[in-house]
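# Working through the structure, step by step
Letter by letter, the chains look like this.
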Amino acid sequence: MKTRSLDTLGKKTYSALGCKQKYVFLLSTLLFGSRVITGNLNSMASTSSSSNNTGVAPSREKALNHPWVTLGRGYVELRPPMNLWRQDRKLLDYDRETMFSLVTGYAFSRPDHPWLGAREPLPGGTFGEFKWMSYGDAMKNIDDLGAGLVQLGSGHKGENGAIFCSNSPEWILAQYAFYRNSMTVVPLYSTGSGPDVISFIISQAEIHVAVCSVQQMEPLMTAAELLVSQSGGDLSSLPLKVIVRTCKPLGMGEPLPPFADSLVQRAKAIGIRLVTWEELLQLGKDHPCPANPPTPSDVHTIIYTSGTTARPKGAVLLHRGWTITADKPTFHHFVFGDETHISYLPLAHVYELAFTATVTRLGSQIAFFSGSLLKLFEDVEKARPTFFLGVPRVYKKLHDKIIETVDTSSWIKKNLFYYACSAKEWAEKNKTTTWINWDSLVFNKIAAKLGGRCRMLVTAAAPMPGEMAGWLSRVFCTELVQIYGLSECGGGACSLLGGERNESRTSCGVPTITGDIRLVDVSELNYTVSGAGLPRGEIWLKGGSNMAHYYKEPELTKEAFSDGWFKTGDIGQLNEDGSMSVIDRVKNMFKL
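The notes below deal with the structure included here. Every chain is numbered on its own, with residues counted from 1 as its sequence reads. Under the rules for a predicted model, residues below a pLDDT of 70 receive no local features and side-chain atom pairs below 80 are neither given nor counted, while totals for whole chains, interfaces and linings still include all residues. Each side-chain value is worked out from all heavy atoms of the structure, with water and hydrogens disregarded.

## Considerations on the overall build of the chain
- Helix and strand assignments follow DSSP, with helices taken as H or I runs no shorter than four residues and strands as E runs no shorter than two, numbered in order from the N terminus. Counting its secondary structure elements, the chain contains 19 helices and 24 strands.
- Here the term buried applies to any residue with accessible area under 20% of the maximum for its type, exposed to any over 50%, and partly exposed to those in between, with areas from a 1.4 Å probe on protein chains only. The buried share of the chain, reckoned over its 592 residues, is 55%.
- A separation of at least 24 residues holds for 73% of the contacts in the chain among residues at least 6 apart in sequence.
- Of the roughly 25,600 Å² of accessible surface on the chain, a fraction of 54% belongs to carbon and sulfur atoms. Contact criterion: two residues are considered in contact whenever any of their non-hydrogen atoms come within 4.5 Å of each other. Accessible surface area values rest on a Shrake-Rupley calculation with a 1.4 Å probe, where residue burial reflects the displayed protein chains alone.

Structure follows, in structure tokens:
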């Protein structure tokens, strides 16, 4: 008996069927088995692929024939394609504006607009709806926190302050309280960091004050004690003098208990003063003082890379560069005042930190997850983000969970899902549409798991396999954007623009604003920009968001730069469409 899949019928024939006939046809088609249907679609896709790809090697001439691409001697240079950006946006004045000045402005211009949100804790360990702190209320807290730091003797311009917390509104409030006093933020991370790493950062960066969550009090105290021990008990070797313990998100729920006596004694023994969040706020209210805001040339953040070396390196990022970092994505994908971001990736790393800056630059809102990745998508459904930030391992877990759910569902639902996936893939490869709206029939329920408003998935930190990227885009009914960047360049250096499609889905796009990219010959590895194939070479970056230097590491800084270009150590390829893909030695795609 001859079997035909739905897409082999003529559109006119199928449209002529009544509702019941369509249902019977679809059901009878499914009864022949998903393998038959998928096989037909794969065959059709293969036919299309062979017709579009004649076996001719990708064209080097096409790759080089773009206005933003220049071929030099031993390198290919890509510049930001101004004509591809949104033309309704203007660059910020990077020589005048800082992120702190933007937040201060929003506190006056839109004081009631929500900025920072967290779910209200309920009895039994559950959580309710999101509660929000407005820009105006947040600025009042920032002022009080900053004034409180001054009273503690820790609010001096140029001083380094650490934040050692999980993602929460208090993380951002502490960050901007430091900036209010022209202090530098040094994020600390717990993942893969033992006391030796934390103690090294405290010592090298001369951290005087640290804002710390309850969960991180023990590792922070252990690292401080280790420093004193290594110096033979010399308390002057420990720069850390004040630890501020954060409260529960937005102060909701039961207050935290007082510091344990044992912790107080340990802190006293090494000369550290313990202060609660509430005490710091009250101290600032009782002793208000004028803000000392930063200038664009001041240091914004020192991001310590958590690479494979035992000794992390601190990338020094300036306020001017960080404002550029926050501004970059606004020319591609985002809407002023109308974005919602769900923050769950570590804020101690540049990927998450950069996107919180972008959302803030847009005057939009940041929702923080409730602290458990097991409940992440419950948080996501409540927050209803307009985009979702992830890394390949998160997306892989999401894929596996969906497949597990589908495979344990009814036989009809299971086959319908796989058929719909194949139909959308076939239509995509053939640059056409399916005759059934599979999104409304199958995929919208899955997309609703992201809150129903998500119009874009973003991935970084490691290359995303093209097949996985395509699958996610089809199942969640949205585009997936891959970004390339590093701590040393202040975030994304390369990104797909809104609405772009790349058939392999492995492209990182084109350079973002104010940044240039070079692919430089690495002859010993056979990667060159000359020859018959597509240009390939080591990725070098140059632009306003690049780090100033590695903190207290002049030799490492000298090795990392060549004539103002930062040498990433990654290998890139220039594609036919003028975009770049990372193809080898990937050490940093938003290095975590």
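## Observations concerning helix α9 (residues 217-230)
- Look at α9: 20 Å from first C-alpha to last across 14 residues, which is about the 20 Å you get at 1.5 Å a residue.
- Every buried residue belonging to α9 is among Met217, Leu220, Met221, Ala223, Ala224, Leu227 and Val228, and all of these are buried. Buried residues of α9, seen end-on, are gathered within an arc of 160° and therefore sit on one face of the element. Those residues of α9 that are exposed and aimed more than 90 degrees away from the buried face are Ser229 and Gln230.
- Buried-residue contacts for α9 involve β5 (160-164), α8 (195-204), β7 (209-212), β8 (242-245), α10 (261-269) and β9 (273-276).
- At the C-terminal side of α9, glycine 232 shows a positive phi close to 75°. The span you would expect from a helix comes to 1.5 Å times its residue count less one. Read the arc as the range of directions from the helix axis to the C-beta atoms.

## Points about the sheet that holds strand β13 (residues 365-368)
- For two strands to pair, DSSP has to find at least two bridges joining them. Strand order in the open sheet made by the four strands is β4-β3-β13-β12, with mixed pairing throughout. Each edge of the open sheet is held by one strand with a lone partner, namely β4 (126-134) and β12 (340-343). Each strand axis lies, on average, 25° off the axis of its neighbour in the sheet, ignoring direction.
- As paired strands, β12 and β13 are joined by four bridges and run parallel to one another. Lines fitted to C-alpha atoms define the axes, with helix axes restricted to the stretch in contact, and inter-axis angles between N-to-C directions lie between 0 and 180 degrees.

## A look at helix α5 (residues 99-109)
- All buried positions along α5 are accounted for by Met99, Phe100, Leu102, Val103, Tyr106 and Ala107. The buried residues of α5 occupy an angular sector of 160° when projected down its axis, which confines them to one face. Turned more than 90 degrees away from the buried face of α5, the exposed residues are Phe108 and Ser109.
- Where α5 is buried, its residues contact β3 (114-122), α6 (135-151), α7 (169-180), α12 (319-327) and α13 (350-361).

## A few points about the packing of α5 against α7
- One way to put it is that α5 packs onto α7 with a least axis distance of 10 Å and a crossing angle of 110°. Comparing their axes, α7 and α5 come out roughly perpendicular. In contact with Met99, Phe100 and Val103 of α5, α7 contributes Tyr176, Tyr179 and Arg180.
- A breakdown of the residues in the contact of α5 with α7 according to their chemical character gives five nonpolar, no polar and one charged. Roughly parallel refers to an angle under 35 degrees, roughly antiparallel to one over 145, roughly perpendicular to one between 65 and 115, and oblique to any angle outside these ranges. Here the nonpolar group is Ala, Val, Leu, Ile, Met, Phe, Trp, Tyr, Cys and Pro; Asp, Glu, Lys and Arg are the charged ones; every other residue, Gly included, is treated as polar.

## Some points on the nonpolar core
- Definition used in this section: a nonpolar core is a set of buried Ala, Val, Leu, Ile, Met, Phe, Trp, Tyr and Cys residues joined via side-chain atoms within 4.5 Å. With 132 residues, the main nonpolar core has Trp115, Phe388 and Phe417 as its most contacted residues.
- Here the element with the most residues in this core is α7; it accounts for eight residues.
- Those residues in contact with phenylalanine 417 that sit more than four places away from it in its chain are Ile402, Ile403, Val406, Val442, Phe443, Ile446, Trp471 and Val475.
- Residues Ile201, Ile207, Met221 and Val228 belong to the second largest nonpolar core, which totals 34 residues.

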